[in-house]
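Here is what each chain is made of, one letter per residue.
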Amino acid sequence: MGFRKDFAWGVASSSYQNEGSVTADGKGLSVWDVFTHEEGKVADKSNGDVASDQYRLWEKDVALLEELAVNSYRFSISWPRVLPEGIGRVNEKGLDYYDRLVDALLSKGITPYITLFHWDMPYELYLKGGWLNRDMPRYFAEYAEVVIRRLSDRVQHWITQNEPQCYISSSLENGEHAPGLRLGKKDLFLAAHHSLLSHGYGAQAIKAAAKTRPVIGYAPASWWLWSPLTENKEDVEACRNKTFAALENPLGGTGFWLDPVLLGRYPLDFLQTWEPYLPRISQEDMKVISEPIDFVGMNVYQTYVGRAGGEGTCENVSHRKGYAKTMASWPVTPKALYWGPKFYWERYHKPIVITENGMSNEDWIHLDGRVHDPQRIDFTHRYLSSLKRAAEEGVDIRGYFHWTFTDNFEWSRGYEERFGMVYVDFETRERVIKDSGFWYRDVILSNGECL
Ligand code: IFM
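Residues numbered from 1 in each chain as written. Predicted model: local features only at pLDDT ≥ 70, side-chain atom pairs only at ≥ 80, totals over all residues. Heavy atoms only, no water.

**Q** Whenever I open this one, the overall build of the protein chain confuses me. Can you help?
**A** Each helix and strand counted, the protein chain has 16 helices and 13 strands in total. The C-alpha atoms of the protein chain give 21 Å as radius of gyration, which agrees with the globular expectation for 451 residues (22 Å, within 12%). Taken along the three principal axes of its C-alpha coordinates, the protein chain extends 60 × 55 × 45 Å. The buried share among the 451 residues of the protein chain stands at 62%. Across the protein chain, every contact between residues at least 6 apart in sequence was considered, and the portion connecting residues at least 24 apart equals 78%. Carbon and sulfur atoms form 49% of the exposed surface of the protein chain, whose accessible area is close to 17,400 Å². Separation of charge centres in the protein chain, based on 51 positive and 62 negative side chains, amounts to 3 Å. (Helix = DSSP H or I, 4+ residues; strand = E, 2+ residues; numbered from the N terminus. Rg over C-alpha atoms; globule rule 2.2 N^0.38 Å. Buried < 20%, exposed > 50% of the residue type's maximum accessible area, 1.4 Å probe, protein only. Contact = heavy atoms within 4.5 Å. Areas by Shrake-Rupley, 256 points an atom, 1.4 Å probe, with all protein chains shown as cover. Lys, Arg positive; Asp, Glu negative; His and termini not counted. Charge placed at Lys NZ, Arg CZ, Asp CG, Glu CD.)

Set out below in structure tokens:
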């Protein structure tokens with residue numbers, strides 16, 4: 001027994017990182033459109049104005065997806081393309097684009113997994129206070145409803161939010177991401193609570209407006225994972241506890257973002273430590289936040305490694321000399337896709353979809369005209385083997401989406417790192433499937449049996 005027969009094999013992307021055409025056909029500005037044009041915000045002074053140009057080259061991209069043999073494609077919708085001011089006026093031309101994309105995918109037997117929010121907040125809503133505004137969750141629900149009305153006769157799989165840790169912490173705490181603010185703890189908790197509420201209102205809006213039975217997920221960043229050095233009971237226990245514990249910086253934590261959604265409460269240790277900084281959290285809010293969903297999305301790139309220390313602590317033994325790492329300096333730690341899903345499954349009993357996993361690399365077109373990326377093949381092989389082990393031991397894993405489809409705009413690092421299974425020449429927008437893409441196709445065609 002390996003992966004389920006109906007396993008979703010896919011690749012993932014996002015609107016700002018891929019679409020380009022940032023003012024085409026009536027699209028409004030997002031916080032990223034504004035931020036990337038400010039001095040010193042992006043490492044290579046670039047922006048997503050064109051990105052991988054998917055808005056114009058979508059037909060080519062659908063043909064590439066077919067060549068990769070994926071049965072699913074995860075992409076996000078640009079909120080300001082659909083509602084240029086964030087609320088109110090609907091931009092039909094923006095919706096038409098997603099209509100065409102969905103139809104083309106379905107005609108090739110590829111199931112769309114649509115993320116409603118992958119960071120590109122309408123700039124007009126930022127001017128209204130963004131995540132600090134108590135009305136944001138309602139605005140998000142209004143937007144969700146517009147999209148669901150238009151696409152849910154054909155689309156069933158929805159992901160409300162991608163990596164709230166990033167659009168709260170990196171965006172509002174350390175200023176690295178748009179809109180580049182540095183707020184204090186009280187504001188951050190308020191924004192985080194509103195983000196969780198918007199997930200809940202979004203899930204309710206999807207259910208209320210869907211024309212076919214929706215399958216709803218939520219995809220926080222699963223970067224705070226701990227895998228045991230050995231499989232001794234003590235090491236496993238120490239790492240499980242550490243994975244869900246409240247952190248010194250609680251907004252990075254796993255329990256903080258998942259317990260409210262899946263268990264209906266903030267973690268107790270978090271509430272005790274941060275009480276003086278928290279907004280009013282009502283029972284009604286928690287009911288909305290924990291609106292039942294169908295799967296938990298895991299965006300997994302790495303894990304810390306730990307072992308039992310004294311007095312129930314977990315000792316960090318992560319980095320050994322000369323450890324393997326990706327271009328982003330993220331350690332190559334395949335155990336993440338075994339222990340992460342296992343710990344989540346044991347705590348939440350929710351089906352799991354790996355909504356992101358992958359690595360950045362320095363890829364280029366070789367003399368033979370091909371893009372050889374053996375590191376990415378080895379990386380993915382190792383991670384998928386771990387995932388397969390988890391599936392074989394009974395963890396309910398429904399799908400895997402490689403991050404990412406084509407090379408794209410990597411936020412504040414611009415175009416310096418390439419995460420794609422398809423190479424993009426950012427001058428000509430020419431695409432070349434990398435060796436890893438062909439390798440992944442064989443994995444998909446064997447449903448993971450060849451791993
Ligand atoms: O490119 C990002 C993506 O937008 C969110 N998750 C992590 C990826 C790699 O940094």
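**Q** When you look at the sheet that holds strand β6 (residues 226–228) in this model, what are you seeing that I'm missing?
**A** Pairing between the strands of a sheet is mediated by backbone hydrogen bonds and can be parallel or antiparallel. Taken in spatial order, the 3 strands of this open sheet run β6-β8-β9, and their pairing is mixed. Pairing within the sheet leaves two strands with one partner each, and these edge strands are β6 and β9 (314–316). Direction aside, neighbouring strands of the sheet carry axes that sit 50° apart on average. The pairing of strand β8 (residues 304–308) with β9 spans 3 bridges and is antiparallel. Residue pairing across strands places G306 opposite N316, the latter belonging to β9. (Pairing = 2+ DSSP bridges. Axes fitted to C-alpha atoms, helices over the stretch in contact; angles between N-to-C directions.)

**Q** Help me understand the site of the ligand, please; the structure alone is not making it clear to me.
**A** If you check the shell around the ligand, you find Q17, H118, W119, N162, E163, Y301, W330, E356, W403, E410, W411 and F419 and nothing else. Interatomic distance of 2.9 Å between a side-chain N/O atom of E163 and a nitrogen atom of the ligand. In the environment of the ligand, an oxygen atom lies 3.2 Å from a nitrogen or oxygen atom belonging to the side chain of W403. Burial of the ligand by the surrounding chains reaches 95%, relative to a free accessible area of 280 Å². (Near = heavy atom within 4 Å. Polar contact = N/O pair within 3.5 Å; in protein donor to acceptor, adjacent residues only side chain to side chain.)

**Q** What am I meant to see in the sheet that holds strand β7 (residues 295–299) here?
**A** Spatially, the 8 strands close up into a barrel ordered β1-β2-β3-β4-β5-β7-β10-β11, and their pairing is parallel. Shown here is a sheet whose adjacent strand axes are inclined to one another by a mean of 25°, direction ignored. As judged from the 3 bridges shared by strand β1 (residues 8–12) and strand β2 (residues 72–76), these two strands associate in the parallel manner. The residue bridging V11 from the neighbouring strand is Y73, located in β2.

**Q** Just checking my understanding: could you explain the side chain of N361 for this structure?
**A** As for its position among the elements, N361 is in the loop between β10 (352–356) and α15 (374–392). Only 2.7 Å separates the side chain of N361 from the side chain of D363, close enough to count as a polar contact. Setting aside residues no more than four positions away along its own chain, N361 makes contact with M327, D373, Q375, R376, E417 and R418.

**Q** Any chance you could explain the state of the cysteines here in plain terms?
**A** Covalently bonding the sulfur atom of one cysteine to the sulfur atom of another cysteine gives a disulfide. Using the criterion set out here, one finds 0 disulfides in the structure. Of all cysteine sulfurs in the structure, the one in C314 sits closest to C239, which takes part in no disulfide; the separation is 4.0 Å. Taking the relative accessible area as the measure of exposure, C239 reaches 0% and is therefore buried. (Disulfide = S-S within 2.5 Å.)

**Q** Would you mind going over the environment of G109 with me for this structure?
**A** On the secondary structure map, G109 appears in the loop between α5 (92–107) and β3 (111–117). Between the C-alpha atoms of G109 and F405, which are 296 residues apart in sequence, the distance is 17 Å.

**Q** Mind showing me how you'd approach the pattern of salt bridges here?
**A** Any two side chains of opposite charge can pair, on the condition that their charged atoms come close. Under the defined criterion, the tally for this structure stands at 37 salt bridges. Residue E85 is joined to R89 by a salt bridge in which the shortest nitrogen-to-oxygen separation is 2.8 Å. Residue E85 is classed as partly exposed on the basis of its relative accessible area, which comes to 31%. Under the relative-accessibility criterion, R89 is labelled partly exposed at 48%. (Salt bridge = Lys/Arg side-chain N within 4 Å of Asp/Glu carboxyl O.)

**Q** Teacher, can you tell me more about the nonpolar core here?
**A** Proteins that are soluble and globular tend to have nonpolar side chains buried together. One finds I168 and Y440 to be the most contacted residues of the largest nonpolar core, which totals 128 residues. Top element by residues in this core is helix α9 (residues 185–209). It accounts for 11 residues. The residues contacting Y440, other than those within four sequence positions of it, are W9, G10, V11, V70, L384, Y400, H402 and M421. Ranked by size, the runner-up nonpolar core spans 12 residues in total, among them I159, V353, F401 and F419. (Core = buried A, V, L, I, M, F, W, Y, C linked by side-chain atoms within 4.5 Å.)

**Q** Teacher, can you tell me more about the pairing of strand β4 (residues 157–162) here?
**A** The side chains of a regular strand alternate, first on one face of the sheet and then on the other. For β4, a buried count of 6 out of 6 residues is recorded, marking the element as mostly surrounded by other parts of the structure. Here β3 runs beside β4; their pairing, made up of 4 bridges, is parallel. Opposite F117, over in β4, you have Q161 as the bridge partner. Bridging between β4 and strand β5 (residues 215–219) involves 4 bridges; their strand directions are parallel.

**Q** Mind showing me how you'd approach the pairing of β5 here?
**A** With 5 of 5 residues buried, β5 lies mostly within the body of the structure. Residue alternation in β5 divides its side chains into two sets, V215, G217 and A219 and I216 and Y218, and both sets are buried. Bridge analysis of β5 against β7 gives 2 bridges, and the strand direction is parallel. In the strand pairing of β7, G217 is matched with F295.

**Q** Just checking my understanding: could you explain the packing of aromatic side chains for this structure?
**A** Aromatic ring pairs are reported here in terms of the distance separating the ring centres and the angle at which the planes meet. All told, the structure shown has 50 aromatic pairs when counted by the stated rule. Relative to Y348, the ring of F244 lies with its centre 5.8 Å away and its plane at 85°, an arrangement referred to as edge-to-face. Placement of the pair is F244 in helix α10 (residues 233–244) and Y348 in helix α14 (residues 336–348), with a sequence separation of 104 residues. Its relative accessible area of 6% is what places F244 among the buried residues. Considering the side-chain rings of Y301 and W330, the 5.2 Å spacing of their centres and the 70° angle between planes classify their relative orientation as edge-to-face. A residue pair is termed long-range when its members are at least 10 positions apart, and Y301 in the loop between β7 and β8 and W330 in the loop between β9 and α14 qualify at 29 residues. You can call Y301 buried: its relative accessible area is 11%. Residue W330 is classed as partly exposed on the basis of its relative accessible area, which comes to 29%. (Phe/Tyr/Trp six-rings, centres within 6.5 Å; stacked < 30°, edge-to-face > 60°.)

The quantities given are spatial measurements derived from coordinates; they are silent on function.
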